[in-house]
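Residues per chain, in single letters:
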Amino acid sequence: MSLLIKNIGCIVGIDESGRLSVAGEAMKSIGTLDNAWLLTEGTRIKEYGPMSQLPTGIDCKIVDAEGGWLFPSFCDSHTHIVYAGSREREFLDKINGLTYEEIAANGGGILNSADRLHDTSEEELYRQAMERIDEIVAMGTGLVEIKSGYGLTLEDELKILRVIRRIRENAPLEVRATFLGAHAVGRAFKGRQSDYVDHVCNDMIPAVAANHLADFVDVFCDRGFFTPEETARIIEQGAAHGLRAKIHANELAISGGVEVGVKYGALSVDHLESMGDEQIEALKGSNTIPTMLPGCAFFLGIGYPPARKMIDAGLAVALASDYNPGTAPSGNMRFVTSLASIKMKMTPAEALNAATLNSACAMGESKDYGSITRGKVANFYITKALPSLAFMPYAHQTPIIKDIVLKGELLV
Ligand code: NIG
Ligand code: FE
């Protein structure tokens, strides 16, 4: 049934141009309409306008926003939501001074999560992941990418991807799946990294593709993990099987991941805590979206990506949560925009553009998601009345969401 939302204090995130991303200087502005209504039809946005022209005589359910604001749902283009248990022991190690790399070298980190995942049933994994999905839906996310990468054996990688497919079939939000077999070298291949890369390329990717379990392929291209050459092989094999690349790059060091991502036309290169001028230069003129995950820098206590430099260089940057047990145990996209403003000096409008249209673009989905545009999927949330746009990232823990609409359905 159609929904007519009336008495909206302000619609934020309107785009009438149909652009697929917003770059550089243009990120500073975001389309708004005060004192407005919005109408959905089926799963899509049909029309919107000023309250002075409120349509009448339409057969629809009416929702009174009572002056609350309407925002496009967050698009979270980088998460690892399907994992078993939690890793707060490593959190304590970190408090006691160990680095992320030291923890990984001691058998913690990704391998620790892989062991737990192996011992957890598919049903239980789904149950735990759905709790996290409910949490992010309640915080305003409407489109999410979820990676595998805590399996590291063919069987366990397929297990995670089947859980992601089940989430996709049952959750109210839209889901995209990424195969991240090259997240770390699986235990059975210890000391034989190149054999593991062969296994990823020759066995895992074909099996994932044959079962239609992923949209994208990812590689952790970083110091101590996979090299740019290995990353290139995996990207090429993914491409041969219809999987576009999204690359973990430059979290721990300038890794060559940005350059290899750009060279092979990756949809996005993500993390970017370590960035030099050459890496920013490499991104110019490409369609690869630089994606920042400030929740990870916050949690690990490392430097933040140079967002200002990238935007000032004219790039279309995105923001995502990286929701995972080791470096970002939160999928709160509003807090991500707050960190972007507080720690990376992005304006509220820049942060919102990065967390909606540009992050949809980082999943190749901005034609249908990421803004309030006629014909796009009706994914939005309605807040309490707000004093200004800046209140969102400023009062970062104040609950503000009153109603959520996903695919045209009002969630209760
Ligand atoms: O994006 N950097 C690689 N992968 C995850 C962390 C994985 C983990 O520690 O469990 C990330 O930060
Ligand atoms: Fe990640």
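Residues numbered from 1 in each chain as written. Chains lettered and ligands numbered in written order. Predicted model: local features only at pLDDT ≥ 70, side-chain atom pairs only at ≥ 80, totals over all residues. Heavy atoms only, no water.

## Description of the side chain of E230
- The topology assignment puts E230 in helix 7 (residues 228-240).
- No salt bridge forms around the buried E230; measuring N to O, its nearest opposite-charge neighbour R233 is 7.1 Å away.
- A polar contact is formed between the side chain of E230 and the side chain of Q193, at a distance of 2.8 Å.
- Once you skip the residues sitting within four places of it in the chain, E230 turns out to touch Q193, V197 and F225. (Helix = DSSP H or I, 4+ residues; strand = E, 2+ residues; numbered from the N terminus. Buried < 20%, exposed > 50% of the residue type's maximum accessible area, 1.4 Å probe, protein only. Lys, Arg positive; Asp, Glu negative; His and termini not counted. Salt bridge = Lys/Arg side-chain N within 4 Å of Asp/Glu carboxyl O. Polar contact = N/O pair within 3.5 Å; in protein donor to acceptor, adjacent residues only side chain to side chain. Contact = heavy atoms within 4.5 Å.)

## Some thoughts on the domain arrangement of the chain
- Segmenting the chain into domains produces domain 1 (3-74 + 371-410) and domain 2 (76-361).
- A straight line from the C-alpha centre of domain 1 to that of domain 2 covers 29 Å.
- Across the boundary between the two partners, domain 1 contributes 34 residues, which contact 36 residues of domain 2.
- When the buried area of domain 1 at its contact with domain 2 is split by residue, M27, F74 and P393 rank highest and sum to 29% of it.
- At the junction of domain 1 and domain 2, the tally comes to 2 salt bridges.
- We note a salt bridge from E174 to K407, for which the minimum N-O separation is 2.9 Å.
- Between domain 1 and domain 2 we count 13 residue pairs in polar contact (both at pLDDT 80 or more) in total. (Domains from an automatic or database assignment. Buried area = accessible area lost by both parts, 1.4 Å probe.)

## Observations regarding the site of ligand 1
- Taken together, 15 residues lie around ligand 1, and Y100, Y150, H183, E251 and T327 are the ones closest in.
- Taking H183, its side chain carries an N or O atom lying 2.7 Å from a nitrogen atom of ligand 1.
- With respect to ligand 1, the side chain of H271 contributes an N or O atom lying 2.9 Å from an oxygen atom.
- Look at ligand 1: alone it shows 330 Å² of surface, and the protein chains cover 100% of it.
- Mapping ligand 1 onto the cavity grids shows that it belongs to the largest cavity.
- Its residues assigned to classes, the shell around ligand 1 shows 4 nonpolar, 8 polar and 3 charged. (Near = heavy atom within 4 Å. Areas by Shrake-Rupley, 256 points an atom, 1.4 Å probe, with all protein chains shown as cover. 1 Å grid on protein atoms, 1.4 Å probe; cavity = no way out; pocket = protein on both sides within 12 Å on 5 of 7 lines; lining within 4 Å. Sits in = over half its atoms within 2 Å of the grid points. Nonpolar A, V, L, I, M, F, W, Y, C, P; charged D, E, K, R; others polar.)

## Points about the coordination of the iron ion (ligand 2)
- Only H78 (NE2), H80 (NE2), H248 (NE2) and D322 (OD) from the protein reach the iron ion (ligand 2) as donors, at distances of 2.1 to 2.2 Å.
- Each donor residue of the iron ion (ligand 2) belongs to the same chain, and together they define the spacing H-x1-H-x167-H-x73-D.
- A relative accessible area of 2% means that H80 is categorised as buried. (Donors = N, O, S within 2.8 Å, 3.2 Å for Na, K, Ca; no water.)

## Quick word on the packing of helix 12 (residues 333-344) against helix 13 (residues 348-355)
- Interhelical geometry of helix 12 versus helix 13 gives an angle of 135° and a closest axis separation of 9 Å. Of the possible angle classes, the one that applies to helix 12 and helix 13 is oblique. The handedness of the crossing between helix 12 and helix 13 comes out as right-handed. Here M333, T337, A340 and S341 of helix 12 come into contact with helix 13, specifically with P348, A351 and A355.
- For the contact of helix 12 with helix 13, the per-class residue count stands at 5 nonpolar, 2 polar and no charged. (Axes fitted to C-alpha atoms, helices over the stretch in contact; angles between N-to-C directions. Parallel < 35°, antiparallel > 145°, perpendicular 65-115°, else oblique. Left-handed = near helix turned anticlockwise from the far one by under 90°.)

## Things to note about the sheet that holds strand 6 (residues 74-76)
- On the basis of which strands lie adjacent, the open sheet formed by 8 strands has the order 6-7-8-9-10-11-12-13 and parallel pairing. Each edge of the open sheet carries a strand with a single partner, namely strand 6 and strand 13 (318-319).
- Pairing analysis gives 2 bridges linking strand 12 (residues 289-292) to strand 13, with the strands arranged parallel. The partner of M292 across the bridge, within strand 13, is L319. (Pairing = 2+ DSSP bridges.)

## Here's the deal with the environment of S341
- Note that S341 resides in helix 12.
- We classify S341 as buried; its relative accessible area is 16%.
- Separated by 303 residues in the primary sequence, S341 and L38 have C-alpha atoms spaced 29 Å apart.
- Setting aside anything within four residues of it in sequence, one finds S341 in contact with M346, T347, P348, A351 and P393.

## Looking at the packing of aromatic side chains
- Counted according to the given criterion, the structure contains 10 aromatic pairs.
- Between the aromatic rings of Y83 and Y323, the centroid separation amounts to 6.4 Å while the plane-to-plane angle is 65°, which identifies the pairing as edge-to-face. Of the two residues, Y83 sits in the loop between strand 6 and helix 1 (88-95) while Y323 sits in the loop between strand 13 and helix 12, which places them 240 residues apart along the sequence. The two residues Y83 and Y323 agree in class, both being buried.
- Three or more aromatic residues link up through ring pairs in this structure, and these residues are W69, F71, F74 and Y381.
- For R166, the ring lying beneath its charged end belongs to Y126, and the centroid distance is 3.8 Å.
- One Lys or Arg, K246, reaches over the ring of F216 and ends 5.9 Å from the middle of that ring. (Phe/Tyr/Trp six-rings, centres within 6.5 Å; stacked < 30°, edge-to-face > 60°. Lys NZ or Arg CZ within 6 Å of the ring centre and 35° of its normal.)

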